Amino acid sequence: MTRHHRSVSGDNTTIEAVHGATRGLSNVALVVPLSGDDRAPYELDLGSTLSIGRNRSSSLVVDDAAVSRLHATVRWDGGDHVTLTDHGSRNGTLVSGARVEGERELGHGTIVDVGPQRFLILLPSGVSSALD
């Protein structure tokens, strides 16, 4: 998993806004922060896992008391979905506004909330088909 350094700003981030970040990245999914100070997308390489939590060793750190040390992980094994796992967090993980317990498959364009942080999931097949 590597960090893509293209910044995406504004609360109304669209697929077109991150198209430049995904150009040539047919083998990565993106987790795009839609809130907070740093909105650069995180690349999720095939078979890799992105950890989200308050712990400084997390891939994506959310420094907020509402977030567990290891709150959730996102894994992409290729195809049209990523798998989100909530690790028993006290305040939960929301997917499109609904609380998730355990694992849940997420498709292209899914919104995920972890504490005060909101993320957009982008999959290579969804980006290319949406822009065709």
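Residues numbered from 1 in each chain as written. Predicted model: local features only at pLDDT ≥ 70, side-chain atom pairs only at ≥ 80, totals over all residues. Heavy atoms only, no water.

S.K.: Looking at this structure, how should I read the environment of Ser-58?
M.R.: Looking at the secondary structure, you find Ser-58 in the loop between strand 3 (49-53) and strand 4 (60-61). Along the chain, Ser-58 and His-71 lie 13 residues apart, while their C-alpha atoms are 9.4 Å from each other. With residues near it in sequence (within four places) discarded, Ser-58 still touches Ser-51, Ile-52, Gly-53 and Arg-69. (Helix = DSSP H or I, 4+ residues; strand = E, 2+ residues; numbered from the N terminus. Contact = heavy atoms within 4.5 Å.)

S.K.: What is the right way to look at the sheet that holds strand 7 (residues 93-95) in this model?
M.R.: As a general point, the strands of a sheet are linked pairwise by backbone hydrogen bonds and lie either parallel or antiparallel. Here we have 6 strands laid out as an open sheet, ordered 2-1-11-10-7-8, and antiparallel in their pairing. Bordering the open sheet on either side are strand 2 (42-45) and strand 8 (98-100), each of which pairs with just one other strand. Here the strands of the sheet are splayed against their neighbours by 30 degrees on average, with no regard to which way each runs. Where strand 7 and strand 8 come together, 3 bridges link them in antiparallel fashion. Bridging across to strand 8, Val-95 finds its partner in Ala-98. (Pairing = 2+ DSSP bridges. Axes fitted to C-alpha atoms, helices over the stretch in contact; angles between N-to-C directions.)

S.K.: Teacher, can you tell me more about the pattern of salt bridges here?
M.R.: Oppositely charged side chains can pair when the atoms bearing their charge come close. Tallied over the entire structure, the rule returns 3 salt bridges. Of the charged contacts, one joins Arg-75 and Asp-77 as a salt bridge, the two residues approaching to 3.1 Å between their closest N and O atoms. When its relative accessible area of 52% is taken as the criterion, Asp-77 is described as exposed. Close ionic contact of Arg-118 with Asp-113 constitutes a salt bridge, the shortest N to O distance being 2.8 Å. On the basis of relative accessibility, which here comes to 12%, the residue Asp-113 falls in the buried class. (Salt bridge = Lys/Arg side-chain N within 4 Å of Asp/Glu carboxyl O. Buried < 20%, exposed > 50% of the residue type's maximum accessible area, 1.4 Å probe, protein only.)

Keep in mind these numbers describe shape, not what the thing actually does.
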